[in-house]
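# Residue-level structure breakdown
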Amino acid sequence: MDSKVELTVLKLGGSVITVKEKPLTANEIAINRLIKEIYRANVDSVFVVHGGGSFGHFIAKKYKILEGYKTPSQLEGFAKTRQAMMALNKIIIDAFIDKGIPVVGIPPSACILTENGRILRFETRSIEKMLDLGITPVMYGDAVLDEKLGFTILSGDQIISKLATSVKTSRIVIGLDVDGLYTADPKTDSEAKLIGEISLRKLRRFLNNIAGSSNVDVTGGMSGKMSEIIPVLENNIPIIMVNANVPDRLFKAMRNEEVKGTKLFLD
Ligand code: ADP
């Protein structure tokens, strides 16, 4: 990438862009609003990764795709997980293109190979070329091929972490359906407090105590998500988590303006 261009890696949580309790239901109102916010923010260069929400998780769970290949009947599940995620990706791609933003959807299985669920190879050259040209790649958590397991599920969180540490990235913005990182799951614990900012050292200490996500999530809930982004902080790339359901928070976070949320940094 051109070293003067600042790359923002943006994660849009599955719980924001889909109706998480309703299988195969996109939250098109939220998607359209968020795309307008991204457009208005007018940042140099963006790489988008979205979650699966009600598209990926139900099917992947039903066919135990995360655990890897054990029986031929799972192949239908692998294909259907890919199909559902491509359908969600298409809804998002269409919305971006309607707003005049040149985006290209990239299935992770086309350029990423995992080993025991961890990214072994990530072919980023085409992505870098797209970013150089001013095209916004849009990837997503999905079923991928795995050297040891046959196949598995790769989370959007592992993708953003690997991408940001492989391609020169200025910052990561994570849009979710709560105000940021809390001391406990804010949906189930009324005592949960928003953490305004946290250093890597404190995050490591805190991680063991975080409660899991309250919804169906085949990739390990909030503590799994936070563990994934540790290498990003180790590389001194700051992260901000904001509530993407509240209008303008994502916009402000993208512009690096003061906004309610959680800031994560090296020290
Ligand atoms: P995604 O947006 O990627 O689908 P999830 O739904 O898996 O994300 O995770 C977001 C959810 O995690 C929030 O809605 C919240 O209920 C839950 N959660 C669990 N623990 C925490 C925590 N400590 N801080 C913030 N959210 C948490």
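Worth saying up front: this structure is predicted, and the values here are computed from it rather than measured. (Residues numbered from 1 in each chain as written. Predicted model: local features only at pLDDT ≥ 70, side-chain atom pairs only at ≥ 80, totals over all residues. Heavy atoms only, no water.)

In this section: the side chain of Ser-54. Along the polypeptide, Ser-54 turns up in helix 3 (residues 53-62). What makes Ser-54 buried here is its relative accessible area of 1%. Looking at Ser-54, its side chain comes within polar contact range of the main-chain oxygen of Val-19, at 3.1 Å. Once residues within four sequence positions are removed from consideration, Ser-54 is found in contact with Thr-18, Val-19, Lys-20, Lys-22, Pro-23, Leu-24 and Thr-25. (Helix = DSSP H or I, 4+ residues; strand = E, 2+ residues; numbered from the N terminus. Buried < 20%, exposed > 50% of the residue type's maximum accessible area, 1.4 Å probe, protein only. Polar contact = N/O pair within 3.5 Å; in protein donor to acceptor, adjacent residues only side chain to side chain. Contact = heavy atoms within 4.5 Å.)

So, on to helix 8 (residues 221-228). Of all the positions in helix 8, only Gly-221, Met-222, Met-226 and Glu-228 are classed as buried. All buried residues of helix 8 project into a common sector of 160 degrees when viewed along the axis, lining one side. (Arc of directions from axis to C-beta.)

Looking now at the pairing of strand 8 (residues 150-154). Burial analysis of strand 8 places 4 of its 5 residues in the buried class, which makes it a mostly covered element. Bridging between strand 7 (residues 142-146) and strand 8 involves 5 bridges; their strand directions are antiparallel. Looking at strand 8, one finds that Asp-146 is bridged to Gly-150. Counted along the chain from strand 7 to the antiparallel partner strand 8, the turn is 3 residues long. (Pairing = 2+ DSSP bridges.)

This paragraph deals with the environment of Val-9. Considering the arrangement of structural elements, one finds Val-9 in strand 1 (residues 7-12). For the pair Val-9 and Met-254, spaced 245 residues apart in the sequence, the C-alpha separation amounts to 9.5 Å. The residues contacting Val-9, other than those within four sequence positions of it, are Phe-47, Ile-160, Leu-163, Ala-164, Thr-169, Arg-171, Ile-172 and Val-173.

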